[in-house]
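The lines below spell out each chain.
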Amino acid sequence: MSIGLIFLLLFVLLFLGVPIGISIGIPICLLVWQTQITTFEFIAQFMYTKPSEFTLLALPFFIVAGDIMDTGGLSKRLVGVANNLIGNVTGGLGIVAILGCMFFGAVSGSSPATVAAIGTIMIPQMVRAGYDKYYATGLIAVAGGLGIIVPPSFPLVLYGVTNDVSISDLFLAGFGPALVVGIVLVSINFIYSKRYGYKEEGKTVHFKELLKSIWDAKWALLMPVIILGGIYSGACSPTEAAVISCVYGLFIGVFVYKELDVRNIVPMFKNKVDFIGGVIFTFAPAGAMGAIFAYLGYTTVVKNFFLGISTNPYVIVLLMYALLFVVGMFVQTMPAIVILSPILLGVAEAVGIDPVHFGLIVTLALAVAFVTPPVALNLFVASSMTGLSMERITRAAMPFIAGLLAAEIIVGFNPILTTGIIDFFGK
Amino acid sequence: GLGSAPSETQNSDNNESNASSSSSTEVSQTEEVRVGLDKNVYEIPQYTQQEGVRIARISTSLSAADYGVTPSGVLFKTMVDEIEARSGGKIVLQIYPANQLASGADQIISSLASGAFEISELSAGSWGDYTTAFAPLNIPFLYKNIDVVHAIIDGEIGDEMVQQVREDCNVVPIGFMELGMRQMTNSSREIHAPADLSDLKIRVQSDPIQIAAFEALGGSCVSVPFSELFTALQQKLCEAQENPIHNIVSKKFYEVQPYLTVSEHSPTESILVLSGVYWETLSDEEKTWFEEAGKMATDASRVACQLQTETLLNQVEDYGITVTTLTPEEKQVFVDQVMPVWDMAEEIMGQEKWNELLKAVDKAETQLGL
Amino acid sequence: MTEQQKKFSWYKIVDNIEIYIGTAIFLILLVLLTVQVAFRYIFGISFSWIEEISTILMMSMVYCGVAGAVRGRKFLRIEILVDKMPFKIKRILLIFDNLMQAAWIVFMLGPFFNVMKSIGGGRTSILRLPKFYIYAVIPVLLILTLIRTAQEINILMHEHETQLGKSKPAIDLDAIVRERDEALAAKNGGASQ
Ligand code: NA
Ligand code: NA
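Residues numbered from 1 in each chain as written. Chains lettered and ligands numbered in written order. Predicted model: local features only at pLDDT ≥ 70, side-chain atom pairs only at ≥ 80, totals over all residues. Heavy atoms only, no water.

Novice: Just checking my understanding: could you explain the overall build of chain B for this structure?
Specialist: Counting its secondary structure elements, chain B contains 11 helices and 10 strands. Relative to its full complement of 370 residues, chain B shows a buried share of 62%. Counting contacts in chain B only where the partners sit at least 6 residues apart, residues at least 24 apart contribute 75% of the total. With the model as given, the accessible surface of chain B reaches about 13,300 Å², and the carbon-plus-sulfur share is 48%. (Helix = DSSP H or I, 4+ residues; strand = E, 2+ residues; numbered from the N terminus. Buried < 20%, exposed > 50% of the residue type's maximum accessible area, 1.4 Å probe, protein only. Contact = heavy atoms within 4.5 Å. Areas by Shrake-Rupley, 256 points an atom, 1.4 Å probe, with all protein chains shown as cover.)

Novice: So what exactly am I meant to see when it comes to the overall build of chain A here?
Specialist: In terms of helices and strands, chain A carries 24 helices and 0 strands. In summary, chain A has a C-alpha radius of gyration of 22 Å against a globular reference of 22 Å for 427 residues, a match within 12%. In terms of overall dimensions, chain A has a C-alpha envelope of 75 × 50 × 45 Å along the principal axes. The 427 residues of chain A split such that 66% are buried. When the accessible area of chain A is evaluated, it comes to approximately 13,800 Å², of which 69% is carbon and sulfur surface. Within chain A, one finds 20 positive and 20 negative side-chain charges whose respective centroids are separated by 12 Å. (Rg over C-alpha atoms; globule rule 2.2 N^0.38 Å. Lys, Arg positive; Asp, Glu negative; His and termini not counted. Charge placed at Lys NZ, Arg CZ, Asp CG, Glu CD.)

Novice: Got a minute to help me understand the interface of chain A and chain C in this structure?
Specialist: One widely used convention gives an interface's size as the accessible area the parts lose upon coming together. Of the residues lining the interface, 74 residues belong to chain A; the matching set on chain C comes to 61 residues. Buried surface at the junction of chain A and chain C, summed over both partners, amounts to about 6,300 Å²; 78% is from carbon and sulfur atoms. Across the pair Lys74 of chain C and Asp274 of chain A runs a salt bridge whose closest N-O atoms are separated by 3.6 Å. Among the elements that line the side of chain A that touches chain C, the one with the most residues is helix 16 (residues 265-280) of chain A, at 13 residues. (Buried area = accessible area lost by both parts, 1.4 Å probe. Salt bridge = Lys/Arg side-chain N within 4 Å of Asp/Glu carboxyl O.)

Novice: What's the story with helix 9 (residues 284-318) of chain B in this structure? I'm lost.
Specialist: Along an α-helix, residues three or four positions apart point the same way, because every turn accommodates 3.6 residues. The terminal C-alpha atoms of helix 9 of chain B, which comprises 35 residues, lie 51 Å apart, in line with the 51 Å expected from a rise of 1.5 Å per residue. Within two residues after helix 9 of chain B, Gly320 of chain B carries a phi angle of roughly 100°, on the positive side. (Expected span 1.5 Å × (residues − 1).)

Novice: What am I meant to see in the interface of chain B and chain C here?
Specialist: Listed per partner, the contact involves 15 residues of chain B and 16 residues of chain C. Summed over both partners, the interface of chain B with chain C buries about 1,200 Å², with 46% contributed by carbon and sulfur atoms. Area buried by chain B at its contact with chain C is led by Asp106, Asp129 and Tyr130 of chain B, which between them contribute 38% of it. Run the count over chain B and chain C and you get 2 salt bridges. Listed by contribution, the elements that provide at least two residues to the side of chain B that touches chain C are helix 2 (105-114), helix 5 (208-216) and strand 6 (220-222) of chain B. Looking at which element gives the most residues to the side of chain B that touches chain C, the answer is helix 2 of chain B, with 4 residues. Across the side of chain B that touches chain C, the residue classes break down as 8 nonpolar, 5 polar and 2 charged. (Nonpolar A, V, L, I, M, F, W, Y, C, P; charged D, E, K, R; others polar.)

Novice: Is there a simple way to think about the side chain of Ser310 of chain A in this case?
Specialist: Residues and elements named next belong to chain A. Residue position: Ser310 is located in the loop between helix 18 (298-309) and helix 19 (313-330). Under the relative-accessibility criterion, Ser310 is labelled buried at 14%. A polar side-chain atom of Ser310 sits 2.9 Å from the main-chain amide nitrogen of Asn312. When neighbours within four sequence positions are excluded, Ser310 is seen to be in contact with Val315 and Ile316. (Polar contact = N/O pair within 3.5 Å; in protein donor to acceptor, adjacent residues only side chain to side chain.)

Novice: What's the story with the confidence of the model for chain A in this structure? I'm lost.
Specialist: Detail in the predicted coordinates should be disregarded across regions flagged by low pLDDT. Residues with a pLDDT of 70 or more make up 96% of chain A, whose mean pLDDT is 86. The least confident element of chain A, judged by mean pLDDT, is helix 24 (residues 419-426) of chain A at 79; the most confident is helix 8 (residues 133-143) of chain A at 95. (pLDDT = per-residue confidence, 0-100.)

Novice: Just to check I follow, could you spell out the pattern of salt bridges for this structure?
Specialist: Oppositely charged side chains may form a pair once their charged atoms are brought near each other. Tallied over the full model, the rule gives 26 salt bridges over all chains. One salt bridge connects Lys76 of chain A with Glu259 of chain A, and the closest N-O pair in it is separated by 3.2 Å. Within this pair, whereas Lys76 of chain A is found in helix 5 (residues 74-86), its partner Glu259 of chain A is found in the loop between helix 15 (238-256) and helix 16, the two being separated by 183 residues in sequence. A relative accessible area of 35% places Glu259 of chain A in the partly exposed class. Between Arg148 of chain C and Asp15 of chain C there is a salt bridge, with the nearest N and O atoms lying 3.6 Å from each other. Taken together, the positions of Arg148 of chain C in helix 6 (residues 131-158) and Asp15 of chain C in helix 1 (residues 3-15) put the pair 133 residues apart, joining distant regions of the chain. Taken as a pair, Arg148 of chain C and Asp15 of chain C share a single burial class, namely buried. Look at the salt bridges and you will find they share partners, linking Lys76, Arg77, Asp216 and Glu259 of chain A into a network.

Novice: Just checking my understanding: could you explain the confidence of the model for chain B for this structure?
Specialist: All names here are of chain B. Confidence in the prediction for chain B averages 85 pLDDT; 87% of positions are at 70 or higher. Counting interchain partners and residues more than four positions distant, the pLDDT-below-50 stretch residues 4-15 has 42 contacts. The complex model carries a pTM of 0.80, and its ipTM stands at 0.78.

Novice: Mind showing me how you'd approach the pairing of strand 1 (residues 54-59) of chain B here?
Specialist: Moving residue by residue along a regular strand, the side chains alternate between the two faces of the sheet. Residues and elements named next belong to chain B. Here strand 1 pairs with strand 2 (residues 91-96) via 6 bridges, running parallel. Within strand 2, the residue paired with Ser59 across the bridge is Tyr96. In the classification by handedness, the crossover that spans strand 1, the intervening helix 1 (residues 71-86) and the parallel strand 2 is right-handed. When strand 1 meets strand 3 (residues 119-123), the two strands line up parallel, connected through 2 bridges. Residue pairing in the sheet places Ser59 in a bridge with Ser120 of strand 3. (Pairing = 2+ DSSP bridges. Right-handed = clockwise from strand over helix to strand, strands pointing away.)

Novice: Looking at this model, I keep getting lost on the packing of helix 14 (residues 218-233) of chain A against helix 15 of chain A. Mind explaining?
Specialist: Residues and elements named next belong to chain A. Contact geometry of helix 14 with helix 15 gives a least axis separation of 9 Å together with a crossing angle of 160°. On the basis of their axis angle, the class for helix 14 and helix 15 is roughly antiparallel. The chirality of how helix 14 crosses helix 15 is right-handed. The residues of helix 15 that touch helix 14, namely those facing Trp219, Leu222, Met223, Ile226, Ile227 and Ile231, are Pro238, Ala241, Ile244, Ser245, Tyr248, Gly249, Ile252 and Val256. (Axes fitted to C-alpha atoms, helices over the stretch in contact; angles between N-to-C directions. Parallel < 35°, antiparallel > 145°, perpendicular 65-115°, else oblique. Left-handed = near helix turned anticlockwise from the far one by under 90°.)

Novice: What should I look at first to understand the packing of helix 3 (residues 40-49) of chain A against helix 6 of chain C in this one?
Specialist: Between two packed helices, both the angle of their axes relative to each other and the distance between the axes serve to describe the pair. Running from N to C, helix 3 of chain A and helix 6 of chain C point in directions that differ by 100°, and their axes come no closer than 10 Å. Overall, the two elements helix 3 of chain A and helix 6 of chain C adopt an arrangement that is roughly perpendicular. Facing helix 3 of chain A, whose interface residues are Gln45, Met47 and Tyr48 of chain A, helix 6 of chain C presents Ile134, Tyr135, Ile138 and Leu142 of chain C. Class assignment of the residues belonging to the contact of helix 3 of chain A with helix 6 of chain C gives a composition of 6 nonpolar, 1 polar and no charged.

Novice: Whenever I open this one, the environment of Ile63 of chain A confuses me. Can you help?
Specialist: Residue and element names in this part refer to chain A. Locating Ile63 in the fold gives a position in helix 4 (residues 58-71). It is 7.1 Å that separates the C-alpha atoms of Ile63 and Gly109, two residues lying 46 residues apart in sequence. Each residue touching Ile63, except ones within four places of it in the same chain, is listed here: Phe154, Lys272, Phe275 and Ile276.

Novice: Hey, could you run me through unusual backbone geometry in this one?
Specialist: Trans peptide bonds make up most of the peptide bonds, and negative phi angles are found at most residues other than glycine. The residue after Pro151 of chain A, namely Pro152 of chain A, is reached through a cis peptide bond having omega -5°. Structurally, Pro152 of chain A can be placed in the loop between helix 9 (146-149) and helix 10 (154-163). Its identity as a non-glycine residue notwithstanding, Asn170 of chain B has a phi of 55°, on the positive side. Take Asn170 of chain B: it is sitting in the loop between helix 4 (156-169) and strand 4 (171-186). Take Asn170 of chain B: its relative accessible area is 45%, and that puts it in the partly exposed class. Phi is positive for Lys252 of chain B, close to 60°, though the residue is something other than glycine. Counting through the fold element by element, Lys252 of chain B comes out in the loop between helix 7 (245-250) and strand 8 (259-262).

Novice: For this particular structure, what's the right way to read the pairing of strand 8 of chain B?
Specialist: Residues and elements named next belong to chain B. Bridge count between strand 4 and strand 8: 3 bridges; the pairing is antiparallel. Each bridged residue has a counterpart across the sheet, and for Asn186 the counterpart in strand 8 is Tyr259. With 4 bridges connecting them, strand 8 and strand 10 (residues 322-325) associate as parallel partners. Residue pairing in the sheet places Tyr259 in a bridge with Thr322 of strand 10.

Novice: I would appreciate a short explanation of helix 21 (residues 355-369) of chain A in the present structure.
Specialist: Residues and elements named next belong to chain A. Counted at 1.5 Å a residue, the expected span for helix 21 with its 15 residues is 21 Å, and the 21 Å between its end C-alpha atoms agrees. With 15 of its 15 residues buried, helix 21 lies for the most part within the structure. A side-chain oxygen of the first residue of helix 21 lies 2.7 Å from the backbone nitrogen of Val356; this N-cap is Asp354.

Novice: Is there a simple way to think about the packing of aromatic side chains in this case?
Specialist: The way to describe two aromatic rings as a pair is by their centre distance and the angle between their planes. This model, assessed by the stated rule, comprises 33 aromatic pairs over all chains. Here the aromatic rings of Phe61 of chain A and Phe26 of chain C are separated by 5.1 Å at their centres, their planes lie at 70°, and the arrangement is edge-to-face. Of the two residues, Phe61 of chain A is situated in helix 4 and Phe26 of chain C in helix 2 (residues 17-43); the pairing between them involves two chains. The same class applies to Phe61 of chain A as to Phe26 of chain C, namely buried. For the pair Tyr135 of chain A and Tyr192 of chain A, a centre-to-centre distance of 6.0 Å together with 25° between the ring planes defines the contact as stacked. Pair noted here: Tyr135 of chain A is in helix 8 and Tyr192 of chain A is in helix 12 (residues 175-196), with a separation of 57 residues, a long-range link. With a relative accessible area of 5%, Tyr135 of chain A lands in the buried category. (Phe/Tyr/Trp six-rings, centres within 6.5 Å; stacked < 30°, edge-to-face > 60°.)

As structure tokens, this is what we get:
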């Protein structure tokens, strides 16, 4: 069986909706059976090794932390601060939405969760203030990508575990790209708001109200400080930080804001167990696939293919973005990272691109993938939340998607925005 | 620019046996050894299936660029060349670097048992889950220097290790990969006595004896995966660590740990093993080839290690960090304080073997005039 | 709670046993890791056994989740084709997906038992727990996964189209727009008088 047939089978199974782990598992078993290159026991071993990696344990807790934030009333208060800070300028509520996504992203690691959390609060408010409903929904769908760019971030955890890159470094390197994306989105929002006159009338900033909202949100504002401060002060590892963010969120939600019913705590964890199993199971076959591709020299084939086109790092970055853009139209975060990132990282390293920088390149490409149809999770969430059609939301989101692409290029070409931050703190 | 960013941490490395990366210059004592910089400068030979040629696959944590350069790279290059020469090209060794096939004891042992690959390498500290064979190599402050370690490995105790691991794990050791004695680094002071360690959070390998030893010295032990160690040191999640000089340089620990103590507190050896199943398929003559090649490779890695250790120690001093060497008297204080931990080793190894080891160490010290 | 409901809930527990065990493990992990951070932060003590047991618990939780993900339909998959298909084809595809999954799991059980045999003598480094039993968690839960797959296929065969109906959007934007425009019209009307 040739490499082509194996990939064909992989894609057919994926396309037919077979779980990704199984879609990978079946072709690699056939490959091993046919080539005798290694043993089935070798594949089986990964079923134990991969799901017992300690760093991967961060994932389940960051997933629940997002839920806790929401039900505990923390996200609401974060948006309140942004609102009082900037709500009255041209396109103010749009900026509030973007800032809200950044704040929420500093606690949540998920992009669709960010869309849901901030969208629920901000879309009605924006529409009430005169924003076009498609514009408001499209903006939030794109800004939700900040959920995975601002640390903590699921894709960065997955990338770090898959490629054995430091997760703390990846998180630290995420701040630069987040800032770039934030600035780009705010600028586009400003241009459009100016043209269509989006401005909340008669609202002025009352300094007292601002202080009050900050005071009201102080415990929510502390949450990112605790998570990121915990990691960077050395008090805890990323995995432990994820746990602490849950404990802290629970404490504030139950005892301080008193919006979280104690009886809802266990169900919140219970609801995520099958989801976690469904996600992490994929790692075992994917890990085995990486090793078997190495056995067969496929990794080298891919590497040589790219290096045959160019060895210029800028060209390679553009090629990667182009590839990830096309893949990202059809595939979600997880498979792109576990299947593609180890193979592509080999190419990137060969032209001197740092693994941490490359992690952010991949993550930005995934932020785009969340809003490029036909498979676009952020658009699904936005659409099911508002009942608006995906097509219309996508059309309204176009300028912002273009902005994300611009941000990709800016970040991709300037490692100072990613690894530069690490170097700055290191010296 | 983009391309100038030096790549780090890509070396997926659980057992830490091969953290060092390429040196782009020929190793000599006068020239700087550049580790962790240029990638893929040396190509590992790639073999394709040919009529009448058998391929034996080696899974290792070695970084591709280290092939023929670092002590581990020298060991593997010697193995590859020797087996090819002795077999007249009828057996070739194919190296799969960077743990791309397997890492950790579970994965390596089960893969060797099933025949997923034929040869692998696992550091002495990682065998504990399956056998006590290599316990003698994991006892801190037992050996005065690397020569004593060599005497033990090459002597009767070494033969016993080989015998025991063959029985316990069905693998056949043919060589010991030398990675140098372990040294300590820390962020705040020169270390002369155990008291200097007392308030430091020190990262040690997750091995019960080693944890107990550093706790006995007054340090507080932290468990950090090797891939996270640089960041953990940078952010003071831990303030001290211990590794051979090759790792300290290649992982740039010296950038965040201004004090290095030449403590030589324990050896770092990785055991080169053949699958027992594969071993049985070899003829007696072929077995001899592997044994001889293994011996030569071990020696070659020792020579390379000794040469590079001296160079690298001078080099880190040039980078501006403070290097202190424990005097024999100072080291004795450490030895006295970890004594209680030796009881633990005695318990693990059994009294008879433990006494035998102590006797052998004494004998080696006398012979070496220590 | 009536007697009848109580009986029913017992059935529910057995029928969702993996979810309950997984949740318990999840919460134990939460406590263990919190204790770890707290002790290190406050007393400067850290327990190496917590990390060891955490990875074992995590692996167990993941495979509980795998069994649960079958009927929860939580496996990561690409749904682009399945979602676009008419109900009858969709059902066939979903059954096909489950059969593929079951086939792979059945096939891997044999090799997995061989792995258990080869690591059988090992013990974990800190707590010295026998690895054989730790590894055994996986085939046990995979067999449960197969049972769940059979149940899922049965459910799919009897599922009705109406059960896959669209849910109402959470935010009614049209109502908001209507309100806004009315308010605006009232204001403008008021101004012109
Ligand atoms: Na985030
Ligand atoms: Na997409």
